[in-house]
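Structural overview for review
Below, each chain spelled out in residue letters.
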Amino acid sequence: MDKPAKLSTPKSATAIDVMLLVLPSLAVWLAFADLNGWPQNDDPYYGKPVQWLVEEGQFQLAAQKGELSASTVAHVVFGAASSLLFGFSYRSLFLACIVQQWIGASAVYGVGRVSGLGRSVSLVLGFTFALQPLIFGNSFTFMTDTPAAAWVAVACLASSLAFTRGSRIWLLTCSLAVAWAFWIRQTHLLVLGAPLATLISLKLVRRTSIPLVSGALTLLAPAVVALGVMESGWIVESTSDRMHTVVSDVEGVSRIRQMIVAAYGMCLNVGLFGLPLSVLLIDAIVSRRSTMDATRRRICGAAAVAAVLLLAAPFVMTQGGACVTNSTGNYIQNGHAGPVFMADMDEPGRWGTLDGVEWPLTVWQILTVAVILVDGLIVWWVASLMTTWWRAWQRRATQHTEPSAGPQQDVSASGESDEQEFELVHLAVGSFAMSAVGAVVLLLIVDPLLDRYLLLFFAPILCAMGMILRISGWRPSRMCMSCTSVLLIGLYAFNVVYTHDLLTWNDVRWRQVQSWRNAGLQPSEFDGGRDVNAWLRLAEDRNSHDRPGDTSPWWSGSARLCITVGPRHGWEEHAMLKWHSWATGRDHHLYVLRKLPRKSGSTAAEASSENL
């Protein structure tokens, strides 16, 4: 087999490949320039601090009703750097996210090249990262999910270079990348578990030249310092008061049921992440199956079948109801990067709705079946990896306990000898082990477990799958790469269509808000939705406390005008906002409602319900 390729060889080819990875997002960013850039979902809590930093030179994180939003220090700094170059606007902030998406995709591509994969398969890995709907969609918001996942990918590249080259400098780089990701999303400190487990595993079999103690300190020190600075209050006053927003307060049987549903949704997400790789995984199984011994084939086959049957059971029992939608903790419903919050906060069924812009249930059911099958493919290869790791570990341990009659060599999954693949086996196992432990931690603590939280594991799993393909000794056929290209093009089309729809809808809504502002209305007089209200409220009060006399959710108690998806009790239709959807090919509408005068005989409870 070929030895793992150096990332810089050839430089011209690598530069071309890396530039290709940014083109899909950059093309959409340029094409939709006329839609401007407006806050969405939780964007105000991340965008306002950038505006304060750029325009006033003051670093201060935003707060939700007096509670600190999140540890977004690195995210704010990156956004400020983009704004200094191009001026503050949400288009600049989106570009900051797109640049970080590009960094992450390039890092995943780099892992493929370092592992020894060819340019074409490495590009598939990079595009799989860049075109994953949650990654792509969140690149057109200023939320933290895409940037945090991107820096985790950088950590994966650094750790692969560290172990394949025996370099503590790259271990340090890995730790710094994790620390930076931690300063964007606190959960991402868990990523250090993968390189740490790999280091320990390799030292147990005396395979790495990196000393255990100094290597562990190199890995842990920067991240521990980042954690200490974050919790010291020097930069961020406090982050602990936000835990109650994600920690479940449900106990007993109900909590167990929540965890089962969340675990099912988590598994569907893993299959969804791996969908663009499905043809590669099938081709690799077909091409390498004949070289595997019968015992390994039976183990891998049994594991894959068991996984498919286990995941298919809820789908069949619910007659296709348990599918890839937000009912399993998914944000990907309708292709949007998060729930759509307008003035319908008292109507949870409308939170992900854009006036009927959605796929039919049948499409989601077909996608769910495909995702379950992809999960089976992934389990097949994980089982193959584990058998390879166990045999390699035993072989290496035996070399140090028994006299040798001649030179010993490690055996890869393909049955061929390749000394340098030993590190890749341990790296892949470490990545899967970290992901499994991290998933259990999230299941035990977080509710609801939204799919964007799982982007923490996306890059490690994707990089590990690339390493598995390299270890297998497989080479892709032209037909395989052609089918994979079709999948990626289809995924890109999906992203473009639904990104257009989300930006168009948001643009129409904000233009209505701007017209109210131009007419002299105060923010307290209208309800444009949670994100609109939060953006305007933060301009009045950086801690966004309740307005005097208004304790309603999201400061809408005094509103006399609002924008909604549908009718609202106690309000009358004032106007309709029209926008065109590419997904459905037809016009859709938003309601502009005006509050009806309260009847003199209405009760206090009725008045309170009208204010919701």
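Before any of the text, the structure's been laid out above.
Given the structure is predicted, the values throughout are model-derived calculations rather than measurements. (Residues numbered from 1 in each chain as written. Predicted model: local features only at pLDDT ≥ 70, side-chain atom pairs only at ≥ 80, totals over all residues. Heavy atoms only, no water.)

**Points about the overall build of the protein**
Rules: Numbered from the N terminus, helices here are DSSP runs of H or I no shorter than four residues, and strands are runs of E no shorter than two. Burial classes follow relative accessibility: with a 1.4 Å probe on protein chains only, a residue under 20% of its type's maximum area counts as buried, one over 50% as exposed, and anything between as partly exposed. Any two residues having at least one pair of non-hydrogen atoms within 4.5 Å are treated as being in contact. The protein chains shown are the only cover counted for residues, whose accessible areas, like all others here, come from Shrake-Rupley with a 1.4 Å probe.
Each helix and strand in the protein was counted, giving 19 helices and six strands. By residue count, 56% of the 612 residues in the protein fall in the buried class. Across the protein, contacts joining residues at least 24 apart in sequence account for 77% of those joining residues at least 6 apart. For the protein, the computed accessible surface area is about 25000 Å², with 63% contributed by carbon and sulfur atoms.

**Notes on the layout of surface pockets**
The gaps left among the atoms become clear once a water-sized probe is rolled over them. How we decide: Whether a set of points on the 1 Å grid over the protein atoms alone is a cavity depends on a 1.4 Å probe fitting there but being unable to get out, while an open set qualifies as a pocket with protein on both sides within 12 Å along at least five of seven lines; lining residues are those with an atom within 4 Å of a point. Grid points are joined across faces, edges and corners, and a volume is the space filled by probe spheres set on the points.
Volume-wise, the second largest pocket comes out at about 550 Å³. What lines the second largest pocket is a set of 20 residues, among which Cys-267, Val-270, Asp-375, Ile-378 and Val-379 lie closest to the centre. Secondary-structure elements contributing two or more residues to the lining of the second largest pocket are α11 (253-274), α13 (294-317), α14 (361-399) and α15 (421-445). Looking at the lining of the second largest pocket element by element, the count peaks at five residues for α11.

**Details of the nonpolar core**
Where we set the bar: Among the buried residues, those of types Ala, Val, Leu, Ile, Met, Phe, Trp, Tyr and Cys that are joined through side-chain atoms within 4.5 Å form a nonpolar core.
Phe-129, Leu-280, Leu-449 and Met-465 are the most contacted members of the largest nonpolar core, which has 171 residues in total. By size, the runner-up hydrophobic cluster in this structure holds seven residues, among which are Trp-52, Ala-534, Trp-554 and Trp-555.

**Side note on the packing of helix α5 (residues 119-131) against helix α16 (residues 458-471)**
To be explicit about the condition: Helix axes are fitted only over the stretch in contact, all axes being lines through C-alpha atoms; the angle between N-to-C directions runs from 0 to 180 degrees. With respect to orientation, any angle under 35 degrees is reported as roughly parallel, any angle over 145 as roughly antiparallel, any angle of 65 to 115 as roughly perpendicular, and every other angle as oblique. We call a crossing left-handed when the near helix sits turned anticlockwise from the far one by less than a right angle, and right-handed when that turn is clockwise.
For the pair α5 and α16, interaxial distance at closest approach is 11 Å and the crossing angle is 165°. Here α5 is positioned roughly antiparallel relative to α16, judged by the angle of their axes. As α5 packs across α16, the resulting crossing turns out to be right-handed. Within the contact between the two elements, α5 uses Val-121, Leu-125, Thr-128 and Phe-129 and α16 uses Phe-458, Ala-459, Leu-462, Gly-466 and Leu-469.

**Points about the pairing of strand β4 (residues 561-564)**
For a regular strand, side chains alternate in direction, first toward one face of the sheet and then toward the other. Note the threshold: DSSP calls a pair of strands paired once it identifies at least 2 bridges connecting them.
The side-chain alternation of β4 yields two buried faces, one formed by Leu-561 and Ile-563 and the other by Cys-562 and Thr-564. Of the pairings in the sheet, the one linking strand β3 (residues 526-527) to β4 comprises two bridges and is parallel in character. Residue pairing across strands places Phe-526 opposite Leu-561, the latter belonging to β4. As defined by bridge partners, β4 adjoins strand β6 (residues 587-595) across four bridges and the pair is classed as antiparallel. The residue bridging Thr-564 from the neighbouring strand is Tyr-591, located in β6.

**Observations regarding α13**
Test applied: What a helix should span is 1.5 Å times the count of its residues minus one.
Here α13 contains 24 residues, and its C-alpha end-to-end distance of 34 Å stays within 8% of the 34 Å for a straight helix at 1.5 Å per residue. Here α13 has its buried residues at Arg-296, Cys-300, Ala-304, Ala-307, Leu-311 and Phe-315.

**A look at the pattern of salt bridges**
Put simply, the rule reads: For this document, the term salt bridge refers to a Lys or Arg side-chain nitrogen within 4 Å of an Asp or Glu carboxyl oxygen.
If you walk through the whole model with that rule in mind, you get twelve salt bridges. Of the charged contacts in the structure, one is a salt bridge between Asp-541 and Arg-537, with a shortest N-O distance of 3.8 Å. For the pair formed by Asp-541 and Arg-537, the shared burial category is buried. Between Asp-587 and Lys-578 there is a salt bridge, with its nearest N and O atoms 3.9 Å apart. Using a relative accessible area of 54% as the deciding quantity, one classes Lys-578 as exposed. The network of salt bridges with common partners includes Arg-537, Glu-540, Asp-541 and Arg-547.

**As for the sheet that holds β6**
In space, the four strands of this open sheet follow the order β3-β4-β6-β5, with mixed pairing throughout. Two strands close off the open sheet at either side, each with one partner strand: β3 and β5 (571-580). Direction of pairing for β5 relative to β6: antiparallel, over a ladder of nine bridges. Looking at the pairing, Glu-573 lines up with Leu-593 of β6. Running at roughly 135° to β5, helix α17 (residues 478-518) makes contact with β3, β4, β5 and β6 of the sheet.

**Some words on the packing of helix α4 (residues 90-115) against α5**
Packed helices, taken two at a time, are described by the angle between their axes plus the distance between the axes. To keep things clear, this is the line we draw: Residues are grouped as follows: Ala, Val, Leu, Ile, Met, Phe, Trp, Tyr, Cys and Pro are nonpolar; Asp, Glu, Lys and Arg are charged; every other residue, Gly included, is polar.
Between α4 and α5, the shortest axis-to-axis distance is 8 Å and the interhelical angle comes to 150°. Of the possible angle classes, the one that applies to α4 and α5 is roughly antiparallel. Considering how the two elements wind past one another, α4 and α5 form a crossing that is right-handed. Residues Gln-101, Gly-104, Ala-105, Val-108, Tyr-109, Gly-112 and Arg-113 of α4 form the contact with α5, whose participating residues are Arg-119, Ser-122, Leu-123, Leu-125, Gly-126, Phe-129 and Ala-130. Along the lines of polarity and charge, the residues of the contact of α4 with α5 split into seven nonpolar, five polar and two charged.

**A few points about α11**
Taking 1.5 Å of rise per residue, the 22 residues of α11 would be expected to cover 32 Å, and the 32 Å separating its terminal C-alpha atoms lies within 8% of that figure. The complete set of buried residues in α11 reads Arg-255, Ala-262, Tyr-264, Gly-265, Met-266, Leu-268, Asn-269, Gly-271, Leu-272, Phe-273 and Gly-274.

**What to know about the packing of aromatic side chains**
The condition is simple: In summary, the pairing rule links any two rings of Phe, Tyr or Trp, Trp by its six-membered ring, whose centres are within 6.5 Å, and it sorts them by plane angle into stacked for under 30 degrees, edge-to-face for over 60 and tilted for everything else. Our definition puts a charge over a ring when NZ of Lys or CZ of Arg is within 6 Å of the ring centre and also within 35 degrees of the ring normal.
Summed over all chains, the structure comprises 16 aromatic pairs. A centroid spacing of 5.0 Å and a plane angle of 50° characterise the contact between Phe-494 and Tyr-498, whose relative ring orientation is tilted. With a gap of four residues between them, Phe-494 and Tyr-498 both fall in helix α17, about one helical turn apart. Assigned by exposure class, Phe-494 and Tyr-498 land together as buried. Sitting over the ring of Trp-554, Arg-530 keeps its end group 4.9 Å from the ring centre. Above the plane of the ring of Trp-52 lies Arg-542, whose end atom (NZ or CZ) is 4.3 Å from the centre.

**Section: a nonpolar patch on the surface**
Inclusion rule: Every patch collects residues that have over 30% relative accessible area and no salt bridge, joining them within 9 Å if they carry like charges and within 5 Å if they are nonpolar side chains (Val, Leu, Ile, Met, Phe, Trp, Tyr).
Side chains of Leu-190, Val-247, Val-437, Val-440, Val-441, Leu-444 and Ile-445 sit close together on the surface and give an oily, nonpolar patch of about 530 Å² of accessible area. Tracing the sequence through the fold places Val-440 in helix α15. Its relative accessible area of 44% is what places Val-440 among the partly exposed residues.

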